[in-house]
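Here is what each chain is made of, one letter per residue.
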Amino acid sequence: FYRKMGPDYIDQCFRWAHEADPDAFLIYNDNKVEGCGAATDGCDRHNNKAPIQAKADGFYYLLKDLVGKGVPIHGAGMQAHFSAGGTMHQRPPTPAMIKRQIRRIGELGL
């Protein structure tokens, strides 16, 4: 999509969906974005078993950008599949990490 439609393709998709159904509740959903929230939250970015901070931050900043541009978006979904032992080389996020991510997304009005 990016190569064919350009960097604003997500904005356009939300605008087209809203135009097609102005009453629809539009949500951006992604996986492995529960992360640990703000950069000052004590996450050890040098620990390769930590949740994927860059993806969590990318999710947050994409949402922040969409809201800032007035794109019709009403919510965010954080698809998560946890196991107590983690998956591959990644440990699961703690409840506090998830809470921080939810809080900062909520502060965007989503």
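Residues numbered from 1 in each chain as written. Predicted model: local features only at pLDDT ≥ 70, side-chain atom pairs only at ≥ 80, totals over all residues. Heavy atoms only, no water.

Peer 1: How should I be thinking about the packing of helix H3 (residues 53–68) against helix H4 (residues 95–106) in this particular structure?
Peer 2: Direction vectors running N to C along H3 and H4 enclose 15°, while the axes themselves pass 10 Å from each other. Relative to H4, the element H3 is oriented roughly parallel. The element H3 and its partner H4 pack so that their crossing is right-handed. Where H3 abuts H4, its residues Gln 53, Ala 56, Asp 57, Phe 59, Tyr 60 and Leu 63 lie against Gln 101, Arg 104 and Ile 105. Here the contact of H3 with H4 is built from residues that sort into 5 nonpolar, 2 polar and 2 charged. (Axes fitted to C-alpha atoms, helices over the stretch in contact; angles between N-to-C directions. Helix = DSSP H or I, 4+ residues; strand = E, 2+ residues; numbered from the N terminus. Parallel < 35°, antiparallel > 145°, perpendicular 65-115°, else oblique. Left-handed = near helix turned anticlockwise from the far one by under 90°. Contact = heavy atoms within 4.5 Å. Nonpolar A, V, L, I, M, F, W, Y, C, P; charged D, E, K, R; others polar.)

Peer 1: Whenever I open this one, the packing of aromatic side chains confuses me. Can you help?
Peer 2: Note on aromatic pairs: each is described by the distance of the centres and the angle between the planes. According to the stated counting rule, one finds 3 aromatic pairs in the structure shown. Between Tyr 28 and Phe 59 the ring centres are 5.8 Å apart and the planes differ by 35°, which places this aromatic pair in the tilted class. Of this pair, Tyr 28 sits in strand E1 (residues 27–31) while Phe 59 is found in helix H3, placing the two residues 31 residues apart along the sequence. For the pair Tyr 28 and Phe 59, one class covers both residues: buried. Geometrically, the ring pair formed by Tyr 60 and Tyr 61 is edge-to-face, given 4.9 Å between the ring centres and 75° between the ring planes. (Phe/Tyr/Trp six-rings, centres within 6.5 Å; stacked < 30°, edge-to-face > 60°. Buried < 20%, exposed > 50% of the residue type's maximum accessible area, 1.4 Å probe, protein only.)

Peer 1: Where do I start with the nonpolar core in this structure?
Peer 2: A general feature of soluble globular proteins is that nonpolar side chains tend to end up buried together. The biggest cluster of nonpolar side chains holds 13 residues, and the ones touching the most others in it are Phe 14, Tyr 28, Phe 59, Leu 63, Leu 66 and Ile 73. Top element by residues in this core is H3. It accounts for 4 residues. With residues up to four places along the chain from it excluded, the contact list for Phe 14 reads Leu 26, Ile 27, Tyr 28, Leu 66, Val 71, Pro 72 and Ile 73. (Core = buried A, V, L, I, M, F, W, Y, C linked by side-chain atoms within 4.5 Å.)

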